[in-house]
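Close look at the chain arrangement
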Amino acid sequence: MVLNVQAVRAQFPALHHQENGRAPIFLDNPAGTQVPQNVIDAVRNYYLHDNANSGGFFATSQRTDALKRSARETLADFLNASHPDEIVFGPNMTTLTLHFSRAIGRQFKPGDEIIVTQMDHDANVNPWLLLAQDKDLVIRWVRLDPEEGTLDLQTYESALNKKTRLVCVGHAANALGTINPIKKMAQMAHAAGAQIYVDAVQSAPHVLVNVQDLEVDYLVCSAYKFYGPHIGVLYGNYDLLEQLTPYKVRPASDKTPGKWETGTGSFETIAGTKAAVEYLASLGEGPSFRKRLESSYAKIAEYEQGLVWRLIEGLKAVPGIEIRGIVDKNHADMRVPTVVFRLKGQHPDETAQALADAAIYVWSGDYYAVETMRALGHAADGGMVRIGIAHYNTSDEIEYVLEKLYGLC
Ligand SMILES: Cc1ncc(COP(=O)(O)O)c(C=O)c1O
């Protein structure tokens, strides 16, 4: 079964709004996706029928508690967690990670080591650098091979040792789009006696995450990157989360997941996040929710791969263009549909502005992939242009973008 892109697009109202007389082309998806109608309805319905704080005896409060429970179940299915209580909601991935880093850091002693990578978004780098400063920890780096666009696993192997406590790595890179070998990295971390914290923000819209198969201890993602509202989700192995002591106020729960969720939850966006996962499952077929997600993601991947390889081949035809990341189709399974490039003699902001003028929304700069841009030699000269495809983009849109880019050269 193939993805019916017109049926998909019909569900996203934002794709049909006009901006200066034409419908924009959303290729800023790694920075945030549009939402389908059922997500909008879920948020709206929460306000209309269920709006209350949690833990009360009255109907709206009880419906809010029921919503939290069922959203945890849905998100546990989405990530293949073994129990709904392994799902923690928080404002966004960055805040969840800063919060989590403080909690796990309480177990670390001076001289303990944390591994981070040059491939990661700063949200999975700087929380650990800050923790290291506070607790006198040692940071070790996994090198990004700028030619291959992949992590240099030899530097990972040599960074691991008996002092390593935690490995922090992204599932898919927000700049290069590279998918990292998380299962292998998790096994290597565990063999060294360390745990692994995975940033799945950029993989979750494209690859069906399976925390059990990946053998990860902790994994974090953001619903607004997979067609949901602005909220973050943390998965943690239940026993490991229970062993940690997060900073919290005294009356709040002492149990996981409640002890991790500071203050009042964003119940309307929790409702929207559940709806986003239900939307994704609705694109697939199968006897169970997880099977429908599997079928949906297979369709999405096949469709997005078609678009991204047309884009990459089209970009390769631009004289003097610099494209970084995996551009060999034999390694198609090692990337998500996010492509970074620079046009010859043009600042990335100029290219992004020219595309914006044609109602094509893309990003330029470093998108917080600070170390990646440094490794690519573009930390100080404006970074790169990023085009990020989602399953609602069309081949006509890709052709139009290529035509505009050819016109800029
Ligand atoms: C790979 C990656 N990690 C983390 C983040 C930060 O996510 P949030 O905005 O939810 O804090 C982003 C945001 O773009 C990202 O792309």
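The coordinates are above.
Summary of the structure given here. Being a predicted model, the structure only gives us computed values, none of them experimental. (Residues numbered from 1 in each chain as written. Predicted model: local features only at pLDDT ≥ 70, side-chain atom pairs only at ≥ 80, totals over all residues. Heavy atoms only, no water.)

Along the chain, the regular secondary structure elements total 14 helices and 15 strands. Since a compact globule built from 409 residues should have a radius of gyration of about 22 Å, the 21 Å found for the chain is in line with a globular shape. When its C-alpha atoms are laid out on the principal axes, the chain stretches across 60 × 55 × 35 Å. When burial is assessed residue by residue, the chain has 56% of its 409 residues classed as buried. Within the chain, counting contacts between residues at least 6 apart in sequence, those at least 24 apart form 69% of the total. Only carbon and sulfur atoms are counted for the fraction: they give 50% of the accessible area of the chain, which is about 16,800 Å². (Helix = DSSP H or I, 4+ residues; strand = E, 2+ residues; numbered from the N terminus. Rg over C-alpha atoms; globule rule 2.2 N^0.38 Å. Buried < 20%, exposed > 50% of the residue type's maximum accessible area, 1.4 Å probe, protein only. Contact = heavy atoms within 4.5 Å. Areas by Shrake-Rupley, 256 points an atom, 1.4 Å probe, with all protein chains shown as cover.)

One open sheet accounts for 7 strands, arranged β2-β10-β9-β8-β7-β3-β4; its pairing is mixed. Among the strands making up the open sheet, the edge pair consists of β2 (87–90) and β4 (138–142). The mean inter-strand angle of the sheet, taken between neighbouring strand axes irrespective of direction, is 20°. In this sheet, strand β10 (residues 232–236) lies alongside strand β9 (residues 218–222) in antiparallel orientation, the contact comprising 5 bridges. (Pairing = 2+ DSSP bridges. Axes fitted to C-alpha atoms, helices over the stretch in contact; angles between N-to-C directions.)

The next point concerns the side chain of E268. With respect to the helices and strands, E268 occurs in helix α10 (residues 267–282). No salt bridge is formed by the buried E268. Its closest oppositely charged neighbour is K68, at 12 Å. A polar atom in the side chain of E268 sits 2.7 Å from the side chain of Y47. Residues within four places of E268 in sequence aside, it is in contact with V43, Y46 and Y47. (Lys, Arg positive; Asp, Glu negative; His and termini not counted. Salt bridge = Lys/Arg side-chain N within 4 Å of Asp/Glu carboxyl O. Polar contact = N/O pair within 3.5 Å; in protein donor to acceptor, adjacent residues only side chain to side chain.)

Here we take up the packing of helix α2 (residues 37–50) against α10. The N-to-C vectors of α2 and α10 enclose an angle of 150°; their axes lie 8 Å apart at closest approach. Overall, the two elements α2 and α10 adopt an arrangement that is roughly antiparallel. In the packing of α2 onto α10, the handedness of the crossing is right-handed. Only F267, E268, A271, G272, A275, A276 and Y279 of α10 make contact with α2, whose side of the interface consists of N38, V39, A42, V43, Y46 and Y47. Partitioning the contact of α2 with α10 into residue classes produces 10 nonpolar, 2 polar and 1 charged. (Parallel < 35°, antiparallel > 145°, perpendicular 65-115°, else oblique. Left-handed = near helix turned anticlockwise from the far one by under 90°. Nonpolar A, V, L, I, M, F, W, Y, C, P; charged D, E, K, R; others polar.)

It is worth spelling out the nonpolar core at this point. Ranked by internal contacts, the top residues of the largest apolar core, which has 103 residues, are F78 and L79. With 11 residues, helix α11 (residues 289–316) is the single largest residue contributor to this core. Both domains that furnish three or more residues to this core are identified here as domain 1 (5–35 + 290–408) and domain 2 (41–280). Non-local contacts of F78, meaning those with residues more than four positions away in its chain, are made with A204, L208, V209, F226, V277, L280, R290, L293 and Y297. L96, A103, I104 and F108 belong to the second-largest nonpolar core, a separate cluster that totals 25 residues. (Core = buried A, V, L, I, M, F, W, Y, C linked by side-chain atoms within 4.5 Å. Domains from an automatic or database assignment.)

Scanning all chains against the criterion turns up 15 aromatic pairs. Aromatic pair F78 and Y297: ring centres 6.4 Å apart, planes at 50°, arrangement tilted. Taken together, the residues F78 in helix α3 (residues 59–79) and Y297 in helix α11 connect sequence positions 219 residues apart. Residue class for F78 comes out buried when judged on its relative accessible area of 2%. Arranged with centres 6.4 Å apart and planes meeting at 40°, the rings of Y197 and Y218 form a pair that is tilted. With a gap of 21 residues between them, Y197 in strand β8 (residues 195–199) and Y218 in strand β9 connect regions that are remote in the sequence. As far as the burial class goes, Y197 and Y218 line up, both buried. An aromatic cluster of at least three residues, connected via ring pairs, comprises F100, W128, Y197, Y218 and W260. Lying over the aromatic face of Y247, R106 brings its terminal NZ or CZ to 4.2 Å of the ring centre. A cation over a ring is seen here: R386 above Y367, with NZ or CZ 4.2 Å from the ring centre. (Phe/Tyr/Trp six-rings, centres within 6.5 Å; stacked < 30°, edge-to-face > 60°. Lys NZ or Arg CZ within 6 Å of the ring centre and 35° of its normal.)

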